[in-house]
Amino acid sequence: MTARTYEPYEGAKLERLEADAAAILARYPEHPRSGLLPLLHLVQSEDGFVSPDGIAFCARVLGLTTAEVSAVATFYTQFKRKPNGTYTVGVCTNTLCAIMGGDAIFDELAEHLGIGHDETTPDGAITLERIECNAACDYAPVMMVNWEFFDEQTPDSARDVVDRLRAGDTGLAAGRDSSVDTPTQPPSGGTADTKTRRKPSEEA
Amino acid sequence: MATTLTPVLTDRWDASRSWTLDAYRKAGGYSALRTALAMDPADVLAAVKDSGLRGRGGAGFPTGMKWGFLPPPDGGPRYLVVNADESEPGTCKDIPLMMADPHLLIEGAIITSYAIGCHHAFIYLRGEVVHVYRRLLAAVAEAREAGLLGPDVAGSGYDLEITVHAGAGAYICGEETALLDSLEGRRGQPRLKPPFPAVAGLYGRPTVVNNVETIASVPSVVANGADWFRSMGTERSSGFGIFSLSGHVTRPGQYEAPLGITLRELLDMAGGIREGHELKFWTPGGSSTPLFTAEHLDVPLDYESVGAAGSMLGTRALQIFDETTCVVRAVSRWIDFYAHESCGKCTPCREGTYWMKLIYHRLEAGEGTQEDLATLLDVCDNILGRAFCALGDGATSPVTSSLKYFRDEYEAHVTGGGCPFDPVAAARFAYTPKGLVHA
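## Digging into the overall build of chain A
Counting its regular elements, chain A contains seven helices and five strands. When the helices and strands of chain A are read in sequence order from the N terminus, they spell out α-α-α-α-β-α-β-β-β-β-α-α. Within the span of chain A, comprising 204 residues, buried residues form 55% of the whole. In chain A, of all internal contacts separated by at least 6 residues, the share reaching a separation of at least 24 is 65%. Looking at chain A as shown, the accessible area adds up to about 8000 Å², and 51% of this sits on carbon and sulfur atoms.

Structure representation (structure tokens):
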């Protein structure tokens, strides 16, 4: 099998991916390889992880070998090499959040779900991850569900979130195909608009 | 006279639908762009140089001088790359800025691009903040629709495209040359310097890489002039900056103030350390800057004063910890982070952070020895100044500074068979520990 002859996708899925890939490459005139990270986000949004098919697709689109694409994909934490659950729940356990309670939240979820870091519940609903600092330290401890931010969490609030997710409460966070963009997606303000955040500059 | 807040970058954050083009224009947005487009590009550069604006991403390099390092135009492309890969632990200023006021960044990027002769600028955003990515895409689309981007920027005949690019989770990509490799579709590993990006940057072409807050400061410099900018801050650290207060403080958040303000003044504004507790240690500029303690409450937070006191202003990420916090636990977790984020290119950083991580885990488990403490300092000595980029150097900062100020606490972990602190006391809620091992 070589990257040039193997066609990983077919039908409507292939057409959609081809159109999205073309829109990505148009953003990097004369330098298509700059589109590799966006392409990896794209195939991950389709398959739920960077699958062998996704690697082959990126390689074909860019004229790279699958080894070259894999070398890049494996460098970045966000690119998953195996399918995650429907919801990836990340608890920040970098120092500030950990001390403010992130460790306790992670422990609560690990015990409640019966899984550890980078593991998925048997029903395929939740993957639990420790994550690094995500630049929301003034709202510590923070948790993310498919990169939707949940501020100032407690063990109780976090357990409530995962219980509602497992019960199918989709109003809480978007499904996994929201992981970064498909370029055909209309740019929107994002769901974070609905959050009410303090304005510290006013408080002083 | 007590220092007061100087909201410039954060001024519009409380406006209704502040992120829209309408709201930005109502507040006077894009008027600096018209001023700049009527100027000679060299005069725009001179204004920024005269303002004394220094890079807000951590290193503090003079911005105008950085732009001035680009070689004379040779007819080929030149690039502006905005570093929006905000990942330094404790740093949380660029994300809310782009969320609340994306057009400020776009206006700054257009003015900067005009000044340096760039026709395709990039904003490299960390991949995790999907909501910010969408917001930037929407703002760029709005600006293009309004004729502020594209073939004829605001009717000036100048053409510019801005591409928003999402990374994929790698702290190292905040290092400017690693960022460029990543933007070229490669593993994000730093490049040998020289050549510096000004000479051979993106696609081997002259490139300016600046932090979000730096670029967002440019419109106000153009609109109000260098003297106005210099009226704030200190002589060598002019202007204002966002100070991010987090941790054991009553009102954490973003406080925009003149450089040179002190933590004591910032804490007064933030309601002090959480009730019933006292300051133990803090980072002046993220986890890569040596720790300060209560004895540094009155150090002016400008580049020179913080440096003279033994640390670095960094990104003004003030992570604040009270007396309930175990410094060994804090540093241990930071070292986990550096070991995870080391790109693996150079041996001192890759191996050094790995071995330090093992030592910290031993200390926390009550299995550390006095020799381990000496080994930590020895490993730091072998990383600092010998690593390929600043990531390795940064990893040594919390280690050496915490050993300097809190050696007793390390020794208590050795002699007492583990951590003498109760993690529940440091958390912001009450809970019953489950006794799981964090490794």
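Moving on, there is more to tell.
## Topic: the sheet that holds strand S3 (residues 126-131) of chain A
Residues and elements named next belong to chain A. Reading across from one edge, S2-S3-S1-S4-S5 is the order of the five strands in this open sheet, with mixed pairing throughout. A strand with exactly one partner marks an edge of an open sheet, and here the two such strands are strand S2 (119-120) and strand S5 (148-150). For strand S1 (residues 87-92) and S3, the ladder comprises six bridges, and the chain directions are parallel. Paired with Val89 across the strands is Leu128, a residue of S3. On top of the sheet, helix H5 (residues 95-113) reaches S1, S3 and strand S4 (143-145); it is set at about 145° to S1, its chief contact.

## Examining the layout of surface pockets
Considered as a void within the structure, the second largest pocket measures approximately 900 Å³ in volume. What lines the second largest pocket is a set of 42 residues, among which Thr77(A), Arg130(A), Glu132(A), His340(B) and Glu341(B) lie closest to the centre. Those elements giving two or more residues to the lining of the second largest pocket turn out to be S3 of chain A together with helix H13 (327-341) and helix H14 (347-364) of chain B. No other element matches H13(B), which puts six residues into the lining of the second largest pocket. Of the residues that constitute the lining of the second largest pocket, the class distribution is 14 nonpolar, 14 polar and 14 charged. Both of domain 1 (21-227) and domain 3 (327-426) of chain B provide at least three residues apiece to the lining of the second largest pocket.

## A few points about unusual backbone geometry
Residue Pro194(B) is bonded to the preceding Lys193(B) through a cis peptide linkage, with omega at -5°. Following the sequence through the fold, Pro194(B) ends up in the loop between helix H8 (176-183) and strand S4 (207-211). Pro195(B) follows Pro194(B) through a cis peptide bond whose omega is 5°. When you line up the elements, Pro195(B) lands in the loop between H8 and S4. The backbone of Glu152(A) sits at a positive phi, close to 40°, despite the residue not being glycine.

## Points about the interface of chain B and chain A
Listed per partner, the contact involves 78 residues of chain B and 66 residues of chain A. Summing the contributions of chain B and of chain A, the shared interface buries around 6000 Å²; its carbon and sulfur component is 59%. For chain B, the biggest contributors to the area lost against chain A are Arg134(B), Arg428(B) and Lys434(B); these three give 11% of the whole. Put simply, Asp103(A) and Arg329(B) hold a salt bridge, and the shortest N to O gap is 3.0 Å. Viewed at the interface, chain A and chain B are joined by 28 residue pairs in polar contact (both at pLDDT 80 or more). With eight residues, H13(B) is the single largest residue contributor to the side of chain B that touches chain A.

## A word on the environment of Val91(A)
All names here are of chain A. Tracing the chain through its elements places Val91 in strand S1. Measuring from C-alpha to C-alpha, the distance between Val91 and Asp20 comes to 31 Å, with 71 residues separating the pair along the chain. Non-local contacts of Val91, meaning those with residues more than four positions away in its chain, are made with Gly102, Ile105, Phe106, Leu109, Leu128, Glu129, Arg130, Ile131, Val142 and Met143.

Calculation rules
- Residues numbered from 1 in each chain as written.
- Chains lettered and ligands numbered in written order.
- Predicted model: local features only at pLDDT ≥ 70, side-chain atom pairs only at ≥ 80, totals over all residues.
- Heavy atoms only, no water.
- Helix = DSSP H or I, 4+ residues; strand = E, 2+ residues; numbered from the N terminus.
- Buried < 20%, exposed > 50% of the residue type's maximum accessible area, 1.4 Å probe, protein only.
- Contact = heavy atoms within 4.5 Å.
- Areas by Shrake-Rupley, 256 points an atom, 1.4 Å probe, with all protein chains shown as cover.
- Pairing = 2+ DSSP bridges.
- Axes fitted to C-alpha atoms, helices over the stretch in contact; angles between N-to-C directions.
- 1 Å grid on protein atoms, 1.4 Å probe; cavity = no way out; pocket = protein on both sides within 12 Å on 5 of 7 lines; lining within 4 Å.
- Points joined across faces, edges and corners; volume = space filled by probe spheres on them.
- Nonpolar A, V, L, I, M, F, W, Y, C, P; charged D, E, K, R; others polar.
- Domains from an automatic or database assignment.
- Buried area = accessible area lost by both parts, 1.4 Å probe.
- Salt bridge = Lys/Arg side-chain N within 4 Å of Asp/Glu carboxyl O.
- Polar contact = N/O pair within 3.5 Å; in protein donor to acceptor, adjacent residues only side chain to side chain.

Take it as geometry only, folks, not as evidence of what the structure does.
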